[in-house]
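Analysis of the macromolecular model
Single-letter residue listing:
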Number of protein chains: 2
Amino acid sequence: MPQKHRVAVVGSGNWGSTIAKIVAENTKAHTDVFEEQVQMWVFDEDVQVPESSKHRSKYGDKTYKLTKLINETHENVKYLPDIRLPDNLVANPDLPSTVDGATLLIFNLPHQFISKTLEQIQGKIVPYARGISCIKGVDVSDVTVTLYSELIMEKLAIYCGSLSGANIATEVAAERFCETTIGYDPPPMDLKSDDGSPKDNLIKVDEQRQDKTKPTHVKLQPVPQDYPHVDGKLWDLLFSRPYFKVHVVRDAAGVSLGGALKNIVALATGFVQAKGWGENTKAAVLRQGVLEMVRFGRTWFPQSVDERTFTVESAGVADLVASCTAGRNFRSACHAVEKGVSVEEIEKTELNGQKLQGLGTAQSVWEFLSKHEKTEEFPLFNAVHGIIEGKASVDDLPKLLQ
Amino acid sequence: MPQKHRVAVVGSGNWGSTIAKIVAENTKAHTDVFEEQVQMWVFDEDVQVPESSKHRSKYGDKTYKLTKLINETHENVKYLPDIRLPDNLVANPDLPSTVDGATLLIFNLPHQFISKTLEQIQGKIVPYARGISCIKGVDVSDVTVTLYSELIMEKLAIYCGSLSGANIATEVAAERFCETTIGYDPPPMDLKSDDGSPKDNLIKVDEQRQDKTKPTHVKLQPVPQDYPHVDGKLWDLLFSRPYFKVHVVRDAAGVSLGGALKNIVALATGFVQAKGWGENTKAAVLRQGVLEMVRFGRTWFPQSVDERTFTVESAGVADLVASCTAGRNFRSACHAVEKGVSVEEIEKTELNGQKLQGLGTAQSVWEFLSKHEKTEEFPLFNAVHGIIEGKASVDDLPKLLQ
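Sequence positions are assigned chain by chain, starting from 1 and proceeding in written order. Chains carry letters and ligands carry numbers; both start at the beginning, A for chains and 1 for ligands, and go up in the order they are written. Confidence filtering applies because this is a predicted model: local features only for residues at pLDDT of at least 70, side-chain atom pairs given and counted only at 80 or more, and all residues used for totals across whole chains, interfaces and linings. Excluded from the side-chain calculation are hydrogens and water; included are all heavy atoms of the structure.

Re the environment of Glu389 of chain B
Quick reminder of the rule: Numbered from the N terminus, helices here are DSSP runs of H or I no shorter than four residues, and strands are runs of E no shorter than two.
Mapped onto the elements, Glu389 of chain B comes out in the loop between α16 (379–388) and α17 (397–401). With 46 residues separating them in the primary sequence, Glu389 of chain B and Val343 of chain B have C-alpha atoms 9.3 Å apart.

Focus: the packing of aromatic side chains
Put simply, the rule is: Side-chain rings of Phe, Tyr and Trp, where Trp is taken by its six-membered ring, are said to pair if the distance between their centres is within 6.5 Å; with planes under 30 degrees apart they count as stacked, over 60 as edge-to-face, and otherwise as tilted. Whether a residue is buried, partly exposed or exposed follows from its accessible area with a 1.4 Å probe, protein chains only, as a fraction of its type maximum: under 20%, in between, or over 50%, in that order. Criterion for a charge above a ring: Lys NZ or Arg CZ within 6 Å of the ring centre, and within 35 degrees of the ring normal.
In the structure shown here, the tally under the stated rule is 22 aromatic pairs over all chains. Judged by centre distance (6.2 Å) and plane angle (35°), the ring pair of Trp235 of chain A and Phe239 of chain A falls under tilted. Of this pair, Trp235 of chain A and Phe239 of chain A are both found in helix α8 (residues 232–239), 4 residues apart, which corresponds to roughly one turn of the helix. Seen from their ring centres, Tyr184 of chain B and Trp235 of chain B are 5.6 Å apart, and the 65° between their planes marks the pair as edge-to-face. Here Tyr184 of chain B, found in the loop between β11 (178–183) and β12 (201–204), pairs with Trp235 of chain B, found in helix α8 (residues 232–239); they are 51 residues apart in sequence, far enough to count as distant. Looking at Tyr184 of chain B, the relative accessible area reads 6%, which means it is buried. A relative accessible area of 0% means that Trp235 of chain B is categorised as buried. An aromatic cluster of at least three residues, connected via ring pairs, comprises Phe296, Trp300, Phe368, Phe378 and Phe381 of chain A. Residue placement shows Arg295 of chain A over the ring face of Phe378 of chain A; its charged tip is 5.9 Å from the ring centre.

Section: the domain arrangement of chain A
All names here are of chain A. Quick note on the threshold: Marked domain ranges trace back to an automatic or database domain assignment. It only takes one pair of heavy atoms within 4.5 Å for two residues to be counted as in contact. Here's the idea: put two parts together, see how much 1.4 Å probe accessible area each one loses, and the total over both is what we call buried area. By salt bridge we mean one thing: a side-chain nitrogen of Lys or Arg within 4 Å of a carboxyl oxygen of Asp or Glu.
When its domains are assigned, chain A resolves into domain 1 (5–250) and domain 2 (255–401). Here the C-alpha centroids of domain 1 and domain 2 sit 27 Å apart. Of the residues lining the interface, 29 residues belong to domain 1; the matching set on domain 2 comes to 25 residues. Counting each side, the surface lost to burial between domain 1 and domain 2 is near 2200 Å², with a carbon and sulfur contribution of 63%. Counting every contact that joins domain 1 to domain 2 gives 1 salt bridge. In this structure, the salt-bridge partner of Lys136 is Asp319, at a minimum N-O distance of 3.5 Å.

As for the pattern of salt bridges
Two side chains of opposite charge can pair, provided their charged atoms sit close to one another. On inspection of all chains with the given rule, the structure shows 40 salt bridges over all chains. Of the charged contacts, one joins Arg287 of chain B and Glu313 of chain A as a salt bridge, the two residues approaching to 4.0 Å between their closest N and O atoms. A residue pair is termed interchain when its members come from two chains, as with Arg287 of chain B in helix α10 (residues 279–300) and Glu313 of chain A in the loop between α11 (307–311) and α12 (314–326). Several salt bridges converge on common partners, so that one network encompasses Lys21, Glu25, Glu175 and Arg241 of chain A.

Here's the deal with the nonpolar core
As a reminder, the rule being used: Only buried Ala, Val, Leu, Ile, Met, Phe, Trp, Tyr and Cys residues count toward a nonpolar core, and they belong to the same one when joined by side-chain atoms within 4.5 Å.
In terms of nonpolar packing, the biggest core is built from 108 residues, with Leu257, Phe296 and Phe381 of chain A together with Leu257, Phe296 and Phe381 of chain B touching the most fellow members. Not counting residues up to four positions away in its chain, the partners in contact with Phe381 of chain B are Leu261, Ile264, Val265, Glu292, Met293, Phe296, Val365 and Leu369 of chain B.

Observations concerning unusual backbone geometry
Positive phi is not limited to glycine here, since His74 of chain A has a value of about 55°. Here His74 of chain A is to be found in the loop between α3 (66–73) and β5 (89–92).

What about the interface of chain A and chain B?
The figure often quoted for interface size is the accessible area lost as the parts come together. Facing the 41 residues of chain A at the interface are 41 residues of chain B. In total, chain A and chain B occlude about 3500 Å² of area from one another, counting both sides; carbon and sulfur atoms represent 56% of this. Summed over the three residues of chain A that lose the most area to chain B, namely Phe177, Asn280 and Arg287 of chain A, the buried surface amounts to 22% of that side. Between the two partners, chain A and chain B, sit 6 salt bridges. Within the residue set of the side of chain A that touches chain B, elements represented by two or more residues are α7 (169–173), β11 (178–183), α10 (279–300), α11, α12 and α17 (397–401) of chain A. Broken down by element, the side of chain A that touches chain B gets its largest block of residues, 10 residues, from α10 of chain A.

Section: α8 of chain B
Quick note on the threshold: When we speak of the arc, we mean the arc of directions from the helix axis to the C-beta atoms.
Taken residue by residue, α8 of chain B has Leu234, Trp235, Leu238 and Phe239 of chain B as its buried positions. Buried residues along α8 of chain B cover an arc of 120° about the axis, so they all sit on one side.

A short note on the UniProt feature "domain: Glycerol-3-phosphate dehydrogenase NAD-dependent C-terminal" (unreviewed entry) in chain A
Threshold: UniProt positions are given in the numbering used here, feature names are shortened, and annotations may be inferred rather than shown by experiment.
Mapped onto this structure's residue numbering, the UniProt feature "domain: Glycerol-3-phosphate dehydrogenase NAD-dependent C-terminal" (unreviewed entry) falls at residues 251–397 of chain A. With 75% helix and 0% strand, the stretch residues 251–397 of chain A has end C-alpha atoms that lie 32 Å from each other.

A look at a negative patch on the surface
Convention followed: Exposure above 30% relative accessible area and no salt bridge define the residues that can form patches, which grow by joining like charges within 9 Å and nonpolar side chains of Val, Leu, Ile, Met, Phe, Trp and Tyr within 5 Å. Only the protein chains shown count as cover for residues, and all accessible areas are computed by the Shrake-Rupley method using a 1.4 Å probe. His is not counted, nor are the chain ends, whereas Lys and Arg count as positive and Asp and Glu as negative. By convention, charge coordinates are those of NZ in Lys, CZ in Arg, CG in Asp, or CD in Glu.
On the surface, a cluster of negative charge is made up of Glu344, Glu345, Glu367 and Glu389 of chain A. According to the relative accessible area criterion, Glu389 of chain A is partly exposed, its value standing at 39%.

Observations concerning the relation of the copies chain A and chain B
Basically, it comes down to this: Only residues with pLDDT of at least 70 in both copies contribute their C-alpha atoms to the least-squares superposition of the copies.
Mapping chain A onto chain B is achieved by rotating through 180° and translating by 0.0 Å along the same axis, at an RMSD of 0.0 Å. Taken together, these values place the two copies in the relation of a two-fold axis. Considering only C-alpha atoms, the part of chain A nearest the rotation axis is Thr311 of chain A, at 2.7 Å. Most of the interface of chain A is mirrored in chain B, where 100% of its interface residues are also at the interface.

Topic: the UniProt feature "active site" (unreviewed entry) in chain A
Under the local residue numbering, the UniProt record ascribes the feature "active site" (unreviewed entry) to Lys262 of chain A. Looking at the element boundaries, Lys262 of chain A is found in helix α9 (residues 252–275).

Observations concerning the pairing of strand β1 (residues 7–10) of chain B
All names here are of chain B. Going by this rule: Criterion used throughout: strands pair if DSSP finds at least two bridges between them. Crossovers are marked right-handed if the path from the first strand over the helix to the second runs clockwise, as seen with the strands pointing away from the viewer.
Judged by which residues are buried, β1 turns out to be covered on both faces: Val7 and Val9 on one side and Ala8 and Val10 on the other are all buried. Where β1 meets strand β6 (residues 104–107), 4 bridges bridge the pair, whose relative direction is parallel. Paired with Val9 across the bridge in β6 is Ile106. The pairing of β1 with strand β2 (residues 38–41) spans 3 bridges and is classified as parallel. Within β2, the position partnered with Ala8 by the bridge is Gln39. Since β1 and β2 lie parallel, the crossover through helix α1 (residues 14–29) that links them has a hand, and here it is right-handed.

Description of the sheet that holds strand β2 (residues 38–41) of chain A
Either a parallel or an antiparallel arrangement is found when strands of a sheet pair, and the pairing is made through backbone hydrogen bonds. Residues and elements named next belong to chain A. The condition is simple: Lines fitted to the C-alpha atoms define the axes, with helices restricted to the stretch that makes contact. Angles between their N-to-C directions range from 0 to 180 degrees.
Reading across from one edge, β5-β2-β1-β6-β7-β10-β11-β14 is the order of the 8 strands in this open sheet, with mixed pairing throughout. If you trace the sheet from one side to the other, it starts and ends with β5 and β14 (244–249), each paired once. Strand-to-strand, the axes of this sheet are offset by a mean angle of 25°, without reference to chain direction. Relative to strand β7 (residues 130–133), strand β6 (residues 104–107) runs parallel, the two sharing 4 bridges.

Quick word on the sheet that holds strand β14 (residues 244–249) of chain B
Residues and elements named next belong to chain B. Ordered by their spatial adjacency, 8 strands build an open sheet running β5-β2-β1-β6-β7-β10-β11-β14, and the pairing between neighbours is mixed. The strands lining the two open edges of the sheet, one partner per strand, are β5 (89–92) and β14. Taken pair by pair, the neighbouring strands of this sheet meet at an average axis angle of 25°, ignoring direction. Here strand β10 (residues 159–164) runs beside β11; their pairing, made up of 3 bridges, is antiparallel. Bridging from a neighbouring strand, Ser164 pairs with Thr181 of β11. Packing against the sheet, helix α3 (residues 66–73) makes contact with β2 and β5, and its axis sits at approximately 165° to β5. Across the sheet, helix α12 (residues 314–326) is in contact with β10 and β11; its angle to β11 comes to roughly 140°.

So, the environment of Val246 of chain A
All names here are of chain A. Considering the arrangement of structural elements, one finds Val246 in strand β14. Val246 gets classed as buried once you look at its relative accessible area, which sits at 12%. As for Val246 and Asp236, which are separated by 10 residues in sequence, their C-alpha atoms are 6.1 Å apart.

Next up, the structure:
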């Protein structure tokens, strides 16, 4: 009997719950390949069913554990209300038991919780598991850019790809047609040494990077042959829905970078929008954004990054266009200029405590570029940072891009 | 004494006048390379100065020749009102005298007038002139796609490149920052035959095309060596302004195709917008549009078309994004769905007699693809045509793109 893959989803915010819905729909549809039940780890909390929910009449205004509510109502009433989750998706408050026996791990949680979460499951996962990170952003610290997929590889010693695209969670959850990109390119696992013995399968995490500050070698375990082969086709089967079109590419770094760097560009187009300079100028700024995203990727991840990830994939141009038309960073930058205040001020006063990803990314990317003396090669990223810091004026943006 | 290039602009609509303003600003700035005066051919007509014009008080409600008004007020009061044109730009109602002695010819007129206009100047231009076509669109007839730059080459026996980008004329005229792309790749002119005599410099116009239905060889005359070399740098000098950033590429076909095919995609995104499916879906449709634009170019102009013209140049992605956000085709498609009428109906009732380029392009491109049995390789172009014709429903669009 061939083994089936067991799927676990780590994270249950609105994007986590949406992705969990998708994969659970597919494990149900392909029970020859996957175990039907999908465990989803939920950071448990006491919640009330919202007044607007159809479940309110049953639960009233008492508080319940979120996991209990999800498993009884098949709805994440707090983070993804009014969306029916498949019955075979099980909310689990215990992290180790969520990932227990899972051969396919989907990571989808806010980036600030990743390190701690990974520490809690180190040594408790299937050693030959494979992962996909749906986490937006990259970790830029001091002189190093680390992708969250890399962090997962380093901490768990498994290969991890990434998923990103023009995927506003609530729209995907409502099953409105969109596309996504999966970057997946594990090292070949079938190499033999000269004497015929299996080779150590190392991922040299840092080797894909131009900057070799953190040499980390991960020894990969091959997936046993009685499992369906874990490749692009398998991930396509797990994630593709009629309303969610998947394209698998090899460039996992580019896929992750697209979802992070687009937010800097979205801030810039928001500034331009507020100035009323029109669609030509906005399109020019967006185009320069694409070029700088490509340059950033090609400079620091030359082994992985393919320009086309940014220029033709959903994780690149599509996500960028959506973010520069209606995204939160775009709108906040626009409000800031209209009101004559800083973007930080808008973040504080208009976002109910939520953080604006573009601000952090613009700042950390600029510091990173400064340390490497590369700011001049990235005039748009540099200009956005200057404007945020109050050192440059939006009116100078065209001149800064010449 | 080195010779200076004389520049003539053929066409004086809003885009024609805008481009004439730009080149006249530059001939004035670079009198070492260009003759300062620029002739602009104006299809002369009797016009009144509009009531809103600052020149109204002087001219009242009498009618005057448009050329007289342009030369006296330095403003194209009818087609580009309230924009000051440089004093060294001269409106000329006579076509042959406009192009007389000009070594650099800029073509910028509505495509329906091109053939006749070219016939009027055949044999009357400088035989070693070089051209740039700013004409939007391509001529798709029966089984052949002809670029207007090709038509100019065939009819005038000069090499002609093309210019296109996210360039809404009134925004460029108001000097709001934007970018453009020039495609220019003439054959080398310095080849010698084996016996040392100059070779015939042929442009095999059809050779850049996959379809060889119209073998046309044009014998090119080299530009005399006492003129500044006509290359990308020279065109950059003639067109670059602080508010108009030029990038020169070799792919003249891709530059022309971008400005034509984008209108089909803009109709599609307008349909999606009206349905309220959100930014993910719109971005997915736009992305598929980019892929089909690339495929169209690579299939029929394999010698010229570079994917990057569509994915990273202003003539590609930037123009597409602007058109899919605020362009006329986008808005009309959106209105059509909102009102439950055909796009043709909107064209008739809301556009004051102006034609919607996307409708004609979608129709002729579809007929062309049909004749070549290629519609299946272009699902988005095919779907847009079906929707326009009332044979497909906008609701099926996601399914048609799967």
